[in-house]
Amino acid sequence: MKKVFSWQVKLGISLVFASAAIYFVHYLIFHDAHHIFIYMVGDIAFVPIEVLMVTVIIHRLLSIREKRALLQKLNMVIGVFFAEAGTRMLREFARMDPGLQQVGDTLKMTTRWTDGDFARVRERLRGYSYDVEPSREGLAWLKGFFEGKREVILRLLENPNLLEHESFTDMLWAVVHLAEELDHREAVPSLPDSDVDHLGGDIKRAYSRLVMQWLDYMQHLRSDYPYLFSLAIRTNPFVPGAKAEVT
């Protein structure tokens, strides 16, 4: 059976023969094999250093650049999520949180916040309980809200770039699970207390993940889009009665 070579192998063989032909022409002209082998050995000796520079250093720099570009695209997608659904969800979850005043004071941001402030708040929130006390009216509102945002959430799940952002994808699946749970309840106002408690657990899962993603997104806005960060501060979902108007 005839062996089929890939174009890479064919190209490699061609380059080797081309190099050998050039060395042969050099020998025919100057008749100096000693000079040829000196430069050949020197060139071969430099190959490991060249491999180090290309495959380790340059490749690493290019990977970092590509990762930053991808993260920038992901932050745009995350921004769409919070503009369309995430911020409104947080506001409703916060209303169900009996510790709203505590978490609200923690997340009351200003334009003077630094990366250190975000790090301290993030560490503090990791120990927060995120307990919620959902009402049947609140659950009914969430059910209707998710029905109106179904297409937005499904489009986000279809975005292949989100696979690179595991924490956001995990949060999105928690939200989708909550939406599906509510979608299967036909009469939310008459749900038994046991089922309300069960849905409260689903809300807690989505709430805890959503808060951390919101915090990351706010830090991104502070660094790259301060004018959007200013608006986000004025419409902070953890501040009751927050309004966009500048006072």
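Residues numbered from 1 in each chain as written. Predicted model: local features only at pLDDT ≥ 70, side-chain atom pairs only at ≥ 80, totals over all residues. Heavy atoms only, no water.

Enquirer: For the side chain of Asn75, give the residues involved together with the corresponding values.
Expert: For Asn75, the position within the fold is in helix H2 (residues 33-95). Residue classification places Asn75 among the buried residues on the basis of a relative accessible area of 12%. Not counting chain neighbours up to four residues away, the residues in contact with Asn75 comprise Tyr217 and His220. (Helix = DSSP H or I, 4+ residues; strand = E, 2+ residues; numbered from the N terminus. Buried < 20%, exposed > 50% of the residue type's maximum accessible area, 1.4 Å probe, protein only. Contact = heavy atoms within 4.5 Å.)

Enquirer: Tell me about the nonpolar core, and please be specific about residues and values.
Expert: Ranked by internal contacts, the top residues of the largest apolar core, which has 57 residues, are Leu107, Met109, Leu125, Phe146, Tyr207 and Phe238. For this core, the secondary structure elements donating two or more residues are H2, helix H3 (100-106), helix H4 (115-125), helix H5 (136-148), helix H6 (150-157), helix H7 (166-183), helix H8 (193-224) and helix H9 (226-234). Looking at which element gives the most residues to this core, the answer is H8, with 13 residues. The residues contacting Leu125, other than those within four sequence positions of it, are Val103, Thr106, Leu107, Tyr130, Val211, Met212 and Leu215. (Core = buried A, V, L, I, M, F, W, Y, C linked by side-chain atoms within 4.5 Å.)

Enquirer: Please provide a residue-by-residue account of the layout of surface pockets, values included.
Expert: Space inside the largest pocket adds up to approximately 380 Å³. Sorting the residues of the lining of the largest pocket by element identifies H2, H8 and H9 as the ones contributing at least two each. Tallying contributions element by element places H2 first for the lining of the largest pocket, with seven residues. In terms of residue class, the lining of the largest pocket is built from 12 nonpolar, seven polar and no charged. (1 Å grid on protein atoms, 1.4 Å probe; cavity = no way out; pocket = protein on both sides within 12 Å on 5 of 7 lines; lining within 4 Å. Points joined across faces, edges and corners; volume = space filled by probe spheres on them. Nonpolar A, V, L, I, M, F, W, Y, C, P; charged D, E, K, R; others polar.)

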